Amino acid sequence: MNSFFARAIFRLRAHGRLYVTDALRTAWWGALGMHIGRGTTLPRIHATWPHQVSLGHNCTLEHDVYFKFDGIYQLGPSLRFGDTVFIGAGCEFNIRVGIRVGSNALIASGCRFVDHDHGFSSRAIPMGQQTDGIESPIVIEDDVWIGANTVVLKGVTIRRGAVVAAGSVLTRSVGAYEIWGGVPARKLKDRPGAVTAIRAPAPAGAEPRTATPADAR
Ligand SMILES: CC(C)(COP(=O)(O)OP(=O)(O)OC[C@H]1O[C@@H](n2cnc3c(N)ncnc32)[C@H](O)[C@@H]1OP(=O)(O)O)[C@@H](O)C(=O)NCCC(=O)NCCS
């Protein structure tokens, strides 16, 4: 096959088919109550309660992301994602209370977020029937990068601009612009570079402005 036809078939398979099936899928999840921002389309994903999921504008999701709301029926959404969030293949959000993910977050493939534990205080009661489990929401702030196959546990907050190394298990919260890794995760170092905050682009014609310490807060 000459390269023109090979390229045409590749483009059709890679883009044409995906546009159609992803658009249909996105409309389907929207009809089931999922909040889906402009420019966000969905590949094959799984969700127990679609109305518990809110995705911002221009998010990119890879296949087999699992939004598992594990609580009793209640009004949502409890799984909230900002704009321009990337979620890699096979991530699982196993949530009873809630998770909030800020804008521009990058979540690599295979990550898991679990905001609850089973109780285990009594040896006489089967594990699945214990009632004293701890539940606490997870917060991922803006511009965070979470490396592949990371596990984030109950009550963890990852502050703005932080990085989590691949394969980590996060049991404690991470400070802004810090890099954490390991099992359990510990602080490895701070991100290099000056302390500046990401700002929206200045309006056309505006004077350039020098960063001040207040910008970092
Ligand atoms: C976190 C990361 C970005 C750090 O990269 P780096 O700045 O080049 O860091 P270095 O390789 O210099 O390592 C710095 C320290 O962190 C440790 N470290 C790095 N990655 C680690 C990991 N995944 N788990 C535990 N410790 C890790 C190193 O052993 C080193 O420790 P030392 O100073 O005691 O020797 C990188 O290691 C990583 O995990 N990237 C994620 C990749 C990924 O998941 N991509 C998915 C596609 S988006």
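Keep in mind that what you see is a predicted model, and the values were worked out from it rather than measured.

1. Some details on the site of the ligand
Near the ligand there are 13 residues, and of these Ala108, Gly147, Ala148, Ala165 and Gly181 occur at the shortest range. By residue class, the composition of the shell around the ligand is eight nonpolar, five polar and no charged.

2. Details of the nonpolar core
One finds Val164 and Leu170 to be the most contacted residues of the largest nonpolar core, which totals 41 residues. Counting residues per element, the ones that place at least two in this core are strand E3 (53–55), strand E5 (66–69), strand E6 (79–81), strand E8 (92–95), strand E9 (99–101), strand E12 (138–140), strand E14 (151–152) and strand E16 (163–164).

3. A few points about unusual backbone geometry
With omega at -10°, the peptide bond leading from Val183 into Pro184 counts as cis. With respect to the helices and strands, the residue Pro184 is situated in the loop between strand E18 (178–181) and strand E19 (186–190). Even without a glycine there, the phi angle at Asn149 is positive, about 60°. On the neighbour-count criterion, Asn149 (17 C-beta atoms within 10 Å) is partly exposed.

Analysis parameters
Residues numbered from 1 in each chain as written. Predicted model: local features only at pLDDT ≥ 70, side-chain atom pairs only at ≥ 80, totals over all residues. Near = placed C-beta within 6 Å. Nonpolar A, V, L, I, M, F, W, Y, C, P; charged D, E, K, R; others polar. Core = buried A, V, L, I, M, F, W, Y, C linked by C-beta atoms within 7 Å. Buried ≥ 20, exposed ≤ 12 C-beta atoms within 10 Å, placed from the backbone. Helix = DSSP H or I, 4+ residues; strand = E, 2+ residues; numbered from the N terminus.

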